Amino acid sequence: MTTDPTRLTAAELAARIADGELTAVEVTEAHLARIGAVDEKVHAFLHVDREGALAQARAVDAKRERGEPLGPLAGVPLALKDIFTTQGVPTTVGSKILEGWIPPYDATVTRRLKDADVVILGKTNMDEFAMGSSTENSAFGPTGNPWDLTRVPGGSGGGSAASLAAYEAPLAIGTDTGGSIRQPAAVTGTVGVKPTYGGVSRYGMVAFSSSLDQGGPCARTVLDAALLHSVIAGHDALDSTSIDQPVPDVVEAARNGSVEGLRVGVVKEFRGEGYQAGVVQRFDEAVGLLRELGAEVVEISCPSFTKGLAAYYLIAPSECSSNLARFDAMRYGLRVGDDGAHSAEEVTALTREAGFGDEVKRRVMLGTYALSSGYYDAYYGSAQKVRTLITRDFEKAFEQVDVVVSPTTPTTAFPIGERVDDPMAMYLADVCTLPSNLAGNAAMSLPCGLAPEDGLPVGLQIIAPALADDRLYRVGAAVEAAYQARWGHPLLEEAPSL
Amino acid sequence: MTTVTDLVPYEDALASFDPVMGLEVHVELGTRTKMFCGCATELGADPNSQVCPTCLGLPGALPVVNATGVESAVRIGLALHCEIAEWCRFARKNYFYPDMPKNFQTSQYDEPIAYNGYLDVQLEDGEVFRVEIERAHMEEDTGKSTHVGGATGRIHGASHSLLDYNRAGIPLIEIVTKPIVGAGERAPEVAKAYVAELRELIKALGVSEARMEMGQMRCDVNLSLRPSGEERFGTRSETKNVNSLRSVERAARYEIQRHAAVLSSGGAIVQETRHFHEDDGSTTSGRVKEEAEDYRYFPEPDLVPVAPPKEWVEELRGTLPELPRLRRNRLREEWGITQHEMQSVLNAGAVDLIVATTEAGADAPSARKWWMGELARRANEDGVDLAALPITPADVARVAALVAEGSLNDKLARQTIEGVLAGEGTPDEVVEKRGLKVVSDDGALGAAVDEAIAGNPAVADKIRGGKVAAAGALVGAVMKATRGQADAARVKELILERLGVEG
């Protein structure tokens, strides 16, 4: 049995803390030490809240000593994407425009983590305002992929995924607007889940595209993701779009993995040009594994998915152009040109010029244009129609199958710098993930091996109908167990040590 | 404020042109909390003391719809005979202004909660004019900017601006009329009567106090002229924030004269917003709308659609109060007064006070007499609303009762009211403390009568000679001697008795 707490799963840590085998403070200190040792290279964190984390850990230990009941993740450290507000702790959303802002309130996710005695280690790096697939759009520098520090960890939640792969945290929270949880999970060999839209409160999650954004759990195992999912999910009166229904029992599902008799759909539109050979190979093997485990595999067609990228890049920028209008230098964050010589309008313009990065500006302009009168119907209106078609294609698919599977992303981690000047190439990283955001259903990415040509992780995406999040965990747990049996160890153990 | 615009005499303008109006009224609802968050809505609180992450537009904060706000909107819609949407959404209206925290206003666009209604308004001569309603929709108010250092409180020339977000997020209902055509020369009067009627309606519904001077109700007057007989509408001007009934009428009148002047000299009206000036009743150019402003409306993704259940709407319909116009007509008949007298009562804000006074036992003529006479005078002197005077309808009813039973005469009643207004207590307490009871005791009056006769022998002789009317002078002397407290009728009887004359 290993004695290094950073190598344990969240479930194991929680059990050992509950048993008194480890204290929450010991566990937290071990992770803080790991961050101290490797994060200079990885740069998963934008802010480490050492004191806050230790205080939380001490509170857990005190609770235990008093014999009070502890939650299923009490004392387990977590890395929080820097898109969730944290009272008294900086929240930047990866942007200069919020540099130095200390939120006066906690996001609902933050609050639920604290209420569950999860120890928040700090805030993780991300593409600015969650716009990107590589974390290179962070205003505070890129994050390295622990498998190869010269490569990207995916994005926008690259910091959260990298923190897991680098053993800096056993749990992390991400947000997924077009794939920002799943694609980083895929390229770092970790597990990430985008819950059904409305499953996790968006209150206090800085908005990129309100109708697509969804917070969710990131972990190294399916069970850990499920434990975290059950802590953060559930109705929130502060978010009108949150689902007012009981959360599916994802933990039970993760503990009882099975694909026996499951009908699995393989979308024929999710392959072809742009898909790396090794990714396709590992995906096909995963389909074979599902068959071996007792699933019935059906090829399905979802023709509207080929229009998903175009629709996504109209809807998301349109909503972001409005959501980001509030960053005007009047109430919080950066303020440039406030020297008495400039008008309020000029201060706003100068601040936005200096505070927003290129990708954010690109999308704000794109969205402003798409919503303009005279263009609205052709762009935003058409995109909403495509969105309806995608939802219908999923509905039709789920009449035939229980889950849909695909590669999470067409390639393995690409080198830092390779796609920064080619937005279209960057956008293609999300081609398999964004249909689920447009339809609002649930999806998971988990490791399915290393691509033979580059030895980098490949992700398997599992998609379930809205509200059937538990199905992801049941299937994911079965697949994970079968792979572990085949490999003899978790995939991450093949990553080079940092 | 001087204006460079030449005006055409009103009658001349109407001889050649037909005015078309559109009125947009914003009503601040009197809900306890804001439209999309739980912040308080009290007026006069310290700046930025009634704010939270949502109404400050902090990153990450989200709106939640105020159910009472929706209910008020539905009730207003029903009272305006509108159809109520079975399903509608909020929309974002995008534009930048520092007092708007999110730089978009959460409003409604092509799916208003209420649409296609009307409001019948009664003009001063009793004529009823139907104003058709296009829509009533829900939205939120902005914060307030105070520009410091400039000459006029405007942003131009100001050294800095102060922002108060207490008002940001207060629920608003915007009520938009269809084009009002066919009012002709009475257009300004119709505008005023419409806003007055709407204000009464809002108050009767209890959804807002609708005090225009407090900005709880604000009106934009859109006006255009077309040559008489022409179908097509002319170019309109939009006069913003006209905030009293009188100003609504004046603004419409001014714009008719101004438009006529421009058009008859061969000019063209510029589509623009205009500011109204209370001091001289003029309007001046605000912002020119070179092209239609592009608010980039789109459905608000942070809120779910509003779908008022049919049964609930019908339930609300069943609880609507009597329409103010119908109530006024009913009361006018019950009180037996003319249309003109009723208008005065309405203008004085005395309708509800008189009703309450009659409910407390007074008859309608005395209730109206006190409120419209002595009390209206006092309110006017003090520059306060009638309702703000420190006297209750029950007090007034008690005074009327004391007069009716003969315990007080008019003069003593006025003194009693004066005492109540001065905070000396209830009418009975004032009568007691000031000793204001009418004196009708013969013993006490006898001496005063004798004195009066002795002091005015010439008058006494006239009376003895049969000039009974001259008794008034002696009554006056007795009243003076008793400081008004004598029962004048009894005094006259005693005088005639002593002088041996039949009354």
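Residues numbered from 1 in each chain as written. Chains lettered and ligands numbered in written order. Predicted model: local features only at pLDDT ≥ 70, side-chain atom pairs only at ≥ 80, totals over all residues.

For the record, the criterion: UniProt positions are given in the numbering used here, feature names are shortened, and annotations may be inferred rather than shown by experiment.
For chain B, an unreviewed UniProt entry supplies the name Aspartyl/glutamyl-tRNA(Asn/Gln) amidotransferase subunit B and the organism Streptomyces boncukensis. According to its UniProt record, chain B has this under Sequence similarities (unreviewed entry): "Belongs to the GatB/GatE family. GatB subfamily."

Going by an unreviewed UniProt entry, chain A carries the name Glutamyl-tRNA(Gln) amidotransferase subunit A and comes from Streptomyces boncukensis. Looking at chain A in UniProt, the text filed under Catalytic activity (unreviewed entry) is "L-glutamyl-tRNA(Gln) + L-glutamine + ATP + H2O = L-glutaminyl-tRNA(Gln) + L-glutamate + ADP + phosphate + H(+)". UniProt lists a comment for chain A under the heading Subunit (unreviewed entry), and it reads "Heterotrimer of A, B and C subunits."

**Considerations on the overall build of chain B**
Heads up, the rule is: The secondary structure listing takes helices from DSSP runs of H or I that are at least 4 residues long and strands from runs of E that are at least 2 residues long, numbered from the N terminus. Atoms considered for the radius of gyration are the C-alpha atoms alone. The globule rule reads 2.2 Å times the number of residues to the power 0.38. What counts as a contact here is a pair of residues whose C-beta atoms, placed from the backbone, lie within 7 Å.
Along chain B, the regular secondary structure elements total 16 helices and 14 strands. Rg of the C-alpha trace for chain B: 30 Å, well past the compact-globule value of 23 Å for 503 residues, more than 25% over. Its C-alpha atoms give chain B principal-axis dimensions of roughly 95 × 55 × 55 Å. Sequence separation of 24 or more characterises 69% of the internal contacts of chain B that already satisfy a separation of 6 or more.

**Thoughts on the overall build of chain A**
Helices and strands together make up the secondary structure of chain A, namely 16 helices and 11 strands. Relative to a compact globule of 498 residues, whose C-alpha radius of gyration would be 23 Å, chain A shows 21 Å and is just as compact. By principal-axis analysis of the C-alpha atoms, chain A measures approximately 65 × 55 × 45 Å. Counting only contacts in chain A whose residues sit at least 6 apart along the sequence, the fraction spanning at least 24 positions is 76%.

**What to know about the domain arrangement of chain B**
Note: interface size is frequently given as the accessible area lost on complex formation between the parts. Residue and element names in this part refer to chain B. Applied cut-off: Each domain span listed reflects an automatic or database assignment of domains. Note that Gly is not counted as nonpolar here; it falls among the polar residues with everything else outside the nonpolar set of Ala, Val, Leu, Ile, Met, Phe, Trp, Tyr, Cys and Pro and the charged set of Asp, Glu, Lys and Arg.
For chain B, the assigned domains are domain 1 (10–312), domain 2 (324–434) and domain 3 (442–498). Centre-to-centre separation of domain 1 and domain 2, based on C-alpha positions: 36 Å. Contacts between domain 1 and domain 2 engage 8 residues on the former and 4 residues on the latter. It is helix α3 (residues 187–205) that contributes the most residues to the side of domain 1 that touches domain 2, 4 residues altogether. Here the side of domain 1 that touches domain 2 is built from residues that sort into 2 nonpolar, 2 polar and 4 charged.

**With respect to the interface of chain B and chain A**
Listed as interface residues are 26 residues of chain B and, on the opposing side, 34 residues of chain A. In the side of chain B that touches chain A, the residues fall into 16 nonpolar, 5 polar and 5 charged.

**Structural notes on helix α15 (residues 471–481) of chain B**
Residues and elements named next belong to chain B. Selection criterion: Exposed residues have 12 or fewer other C-beta atoms within 10 Å of their own C-beta, buried residues have 20 or more, and partly exposed residues fall in between, where C-beta atoms are placed from the backbone. Throughout, the arc means that of the directions going from the helix axis to the C-beta atoms.
Regarding α15, the residues found buried are A471, L474, A477 and V478. For α15, the buried positions fall inside an angular range of 120° around the axis, keeping them on one side. Just downstream of α15 lies R483, where phi reads positive at about 50°.

**With respect to the sheet that holds strand β2 (residues 77–81) of chain A**
In a beta sheet, neighbouring strands pair by backbone hydrogen bonds and run either parallel or antiparallel. All names here are of chain A. As a reminder of what qualifies: Pairing between two strands requires that DSSP report at least two bridges joining them. All axes here are fitted lines through C-alpha atoms, helices being fitted over the stretch that makes contact, and every angle between N-to-C directions spans 0 to 180 degrees.
Taken in spatial order, the 11 strands make up an open sheet running β1-β3-β2-β4-β6-β5-β10-β11-β9-β7-β8, and their pairing is mixed. Two strands close off the open sheet at either side, each with one partner strand: β1 (45–48) and β8 (296–300). Going from strand to strand, the sheet's axes swing by 30° on average, the running direction of each strand aside.

**Here's the deal with the sheet that holds strand β3 (residues 91–94) of chain B**
All names here are of chain B. Ordered by their spatial adjacency, 3 strands build an open sheet running β4-β3-β14, and the pairing between neighbours is antiparallel. Looking at which strands have only one partner, the edges of the open sheet turn out to be β4 (104–107) and β14 (298–299). The pairing of β3 with β14 spans 2 bridges and is classified as antiparallel. What sits directly across from R92, in β14, is F298.

**Structural notes on the UniProt feature "active site" (unreviewed entry) in chain A**
All names here are of chain A. Summarizing the sequence annotation, UniProt attributes the feature "active site" (unreviewed entry) to K81, S156 and S180 in the numbering used throughout. Taken together, the annotated residues stretch across 100 residues yet fold into one region, lying no more than 10.9 Å apart by C-alpha. Of note, K81 is situated in strand β2. Once you skip the residues sitting within four places of it in the chain, K81 turns out to touch T124, M126, G157, G159, S160, I173, G174 and T175.

**Here we look at the environment of R220 of chain A**
Tracing the backbone through its elements, the reader meets R220 of chain A in the loop between β6 (215–219) and α7 (222–232). Among residues more than four places away in sequence, those in contact with R220 of chain A are T9, L164, P170, T190, V191, P490 and L492 of chain A.

**A closer look at unusual backbone geometry**
Leave glycine aside and you will find that most residues have negative phi; peptide bonds, for their part, are mostly trans. Geometrically, the link from G155 of chain A to S156 of chain A is a cis peptide bond, its omega value of 10° lying close to zero. Looking at the secondary structure, you find S156 of chain A in the loop between β3 (119–124) and α5 (158–165). Located in the positive-phi region is R296 of chain B, a residue other than glycine, with phi close to 45°. Mapped onto the elements, R296 of chain B comes out in the loop between β13 (283–288) and β14.

**A few points about helix α10 (residues 393–404) of chain B**
What sets the pattern is the α-helix's 3.6 residues per turn: residues three or four places apart point alike. All names here are of chain B. Here is the rule: To estimate how far a helix should extend, the number of its residues minus one is multiplied by 1.5 Å.
Between its first and last C-alpha atoms α10 spans 16 Å; for 12 residues at 1.5 Å apiece the expected length is 16 Å, and the two agree. The element α10 is largely enclosed, with a buried count of 9 among its 12 residues. The complete set of buried residues in α10 reads P393, D395, V396, A397, R398, V399, A400, L402 and V403. Just downstream of α10 lies G406, where phi reads positive at about 90°.

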